[in-house]
Amino acid sequence: MFMSNAVIEIKNLSKSFNGIPVLKDVCMSIKRGSIHGLLGLNGAGKSTVIKILSGFFQPDSGEILVNGKRVVLKNPLCAKKAG
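Within every chain, residues take consecutive numbers counted from 1 along the sequence as written. Only residues with pLDDT of at least 70 are given local features in this predicted model, and only at 80 or more are side-chain atom pairs given and counted; all residues enter the totals for whole chains, interfaces and linings. Here the side-chain values reflect all heavy atoms present in the structure, with hydrogen atoms and water set aside.

Undergrad: It is not clear to me how the pairing of strand 3 (residues 61-66) should be interpreted in this structure. Could you clarify?
TA: A regular strand places its side chains so that they alternate between the two faces of the sheet. Across five bridges, strand 1 (residues 6-17) lies against strand 3 in antiparallel orientation. Directly across from Glu9, in strand 3, lies its bridge partner Leu65. Inspection of the sheet shows strand 3 paired to strand 4 (residues 69-71) by three bridges, in the antiparallel sense. Counted as the bridge partner of Val66 is Lys69 from strand 4. Taken together, strand 3 and the strand that follows it, strand 4, pair antiparallel across an intervening segment of two residues, in which Asn67 is found at a positive phi of about 55°. Two strands make a pair as long as DSSP finds a minimum of two bridges between them. Numbered from the N terminus, helices here are DSSP runs of H or I no shorter than four residues, and strands are runs of E no shorter than two.

Undergrad: Hey, could you run me through the packing of aromatic side chains in this one?
TA: Two aromatic rings are characterised by how far apart their centres lie and by the angle between their planes. Each pair of aromatic rings taken from Phe, Tyr and Trp, with Trp reduced to its six-membered ring, is defined by centres within 6.5 Å and is described as stacked if the planes are under 30 degrees apart, edge-to-face if over 60, and tilted in the remaining cases. In this structure the tally under the stated criterion is one aromatic pair. With a centroid separation of 5.1 Å and an interplanar angle of 65°, the aromatic rings of Phe17 and Phe57 are classed as edge-to-face. Placement of Phe17 in strand 1 and of Phe57 in the loop between helix 1 (46-53) and strand 3 is noted, with a sequence separation of 40 residues between them.

Undergrad: Explanation requested: the pairing of strand 2 (residues 20-31) in the structure shown.
TA: Sheet analysis places strand 1 next to strand 2, joined by eight bridges and oriented antiparallel. Paired with Ile10 across the bridge in strand 2 is Met28. From the end of strand 1 to the start of strand 2, which pair antiparallel, there are two residues, and Asn18 there has a positive phi angle of about 50°.

Undergrad: Mind showing me how you'd approach the nonpolar core here?
TA: Nonpolar side chains in soluble globular proteins generally cluster together in the buried interior. The set of buried Ala, Val, Leu, Ile, Met, Phe, Trp, Tyr and Cys residues whose side-chain atoms join them within 4.5 Å is what this entry labels a nonpolar core. Buried, partly exposed and exposed residues are distinguished by accessible area as a fraction of the type maximum, computed with a 1.4 Å probe on protein chains only: under 20%, between the cut-offs, and over 50%, respectively. Among the nonpolar cores identified, the biggest contains 13 residues, and Leu13, Leu53 and Ile64 are the most heavily contacted of them. Elements with a minimum of two residues in this core: strand 1, helix 1 and strand 3.

Undergrad: Sorry if this is basic, but what is going on with the sheet that holds strand 2 here?
TA: Strand pairing in a sheet is mediated by backbone hydrogen bonds. Such pairs are either parallel or antiparallel. Strands sit in the order 2-1-3-4 across an open sheet of four strands; the sheet is antiparallel. Single-partner strands in this sheet number two, and they are strand 2 and strand 4. Taking each pair of neighbouring strands and ignoring which way they run, the sheet shows an average axis angle of 25°. Contact definition: two residues touch when any of their heavy atoms are within 4.5 Å. Think of each axis as a best-fit line through the C-alpha atoms, taken over the contacting stretch in the case of a helix, with angles from 0 to 180 degrees between the N-to-C directions. Of the strands in this sheet, strand 1, strand 2 and strand 3 touch helix 1, which is tilted by about 115° from strand 1.

Everything listed here is a matter of geometry and, on its own, says nothing about what the molecule does.
Below, the structure is given as structure tokens:
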């Protein structure tokens, strides 16, 4: 069985505000011991991804895995507890 060494995995994350899509099927893996940057044009959804991972926003669809376990980050405290 293949085991990922990703600490955080984002799978098919989507988010809209007032019917306007700002994220559509975003996938990303963050691996232990590596440095990552999130780049894009203004309005590309960088802040939205970070706010979802921080528990400030809820995704419309998709999932977040922390150490291989699915988590629901309802608020910043949940995000902090999840690591």
